[in-house]
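# Examination of the molecular architecture
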Amino acid sequence: MDAYSDRFDEAAALVIHSFRTTRRKASGVPYITHLFAVCALVGEHGGTEDQMIAALLHDYLEDVDGSAEPELAERFGVHVARMVMGLSDTVVTPKPPWRARKEAYLQHLQHEAPELKLVSAADKLHNCTSILRDRRAVGDEVYTRFTADKAGVHWYYRGCVQALATGWEHPILDELRAAVRELEEG
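What this report covers is the structure whose coordinates are included nearby. (Residues numbered from 1 in each chain as written. Predicted model: local features only at pLDDT ≥ 70, side-chain atom pairs only at ≥ 80, totals over all residues. Heavy atoms only, no water.)

### A word on the overall build of the protein
A tally of regular secondary structure across the protein gives 10 helices and zero strands. If you list the helices and strands of the protein from N to C, you get α-α-α-α-α-α-α-α-α-α. Along the three orthogonal principal directions, the C-alpha set of the protein runs to about 45 × 35 × 30 Å. Residues classed as buried in the protein amount to 48% of the 186 residues present. Taking contacts inside the protein between residues at least 6 apart in sequence as the whole, the part at least 24 apart equals 66%. (Helix = DSSP H or I, 4+ residues; strand = E, 2+ residues; numbered from the N terminus. Buried < 20%, exposed > 50% of the residue type's maximum accessible area, 1.4 Å probe, protein only. Contact = heavy atoms within 4.5 Å.)

Structure (structure tokens):
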């Protein structure tokens, strides 16, 4: 029996094509590595195929011009499309101001289902560990890559832990807590 279906292959092909020219802020690393890392974390922490597909697609609605939830629903099912929508901090263009967008995301994240929280925690864990790795290489200069300053970045990741911990506990949340603690101590 296959470990996953053709929908996973299709999602992987879609994000490879859609993010082909995109690189992570200032590090130059191909952005696709983030999407696959989040997917791997979800799979390694017991996620379903739908959660792994949502992990691959978690930035699709935010970052791909012309993308829309109905397209994802048609291609990958309503369940995946709803998760991707719930993982997006905005789908409007131009994006609202950073702080307001993040506050709204944190507010809704605390009420989300555990299956979505797993994907969000994997995303935040990978982002946080990437910041930590880059900070070891370039120091606090790493914070110049973001819209927010150092205090704002720390506020956001601390808020993610608090929102995710509302009614949910999971080993990946413990890993995220530890990474955020290290981020704030540095």
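### Focus on the packing of helix H2 (residues 32–44) against helix H8 (residues 114–138)
Relative to each other, H2 and H8 sit at 130 degrees, their axes nearing to 9 Å. Classified by the angle their axes make, H2 and H8 are oblique. Relative to H8, H2 is oriented so that their crossing is right-handed. Within the contact between the two elements, H2 uses His34, Ala37, Val38, Leu41 and Val42 and H8 uses Leu118, Val119, Ala122, Asp123, Leu125, His126 and Asn127. Of the residues belonging to the contact of H2 with H8, the class tally is eight nonpolar, three polar and one charged. (Axes fitted to C-alpha atoms, helices over the stretch in contact; angles between N-to-C directions. Parallel < 35°, antiparallel > 145°, perpendicular 65-115°, else oblique. Left-handed = near helix turned anticlockwise from the far one by under 90°. Nonpolar A, V, L, I, M, F, W, Y, C, P; charged D, E, K, R; others polar.)

### Some points on a nonpolar patch on the surface
A cluster of nonpolar residues, Met85, Val91 and Val92, forms a patch on the protein surface that exposes about 220 Å² of accessible area. Within the secondary structure, Val91 sits in the loop between helix H6 (78–87) and helix H7 (98–109). For Val91, a relative accessible area of 41% corresponds to the partly exposed category. (Patch = residues over 30% accessible without salt bridge, like charges linked within 9 Å, V, L, I, M, F, W, Y side chains within 5 Å. Areas by Shrake-Rupley, 256 points an atom, 1.4 Å probe, with all protein chains shown as cover. Salt bridge = Lys/Arg side-chain N within 4 Å of Asp/Glu carboxyl O.)

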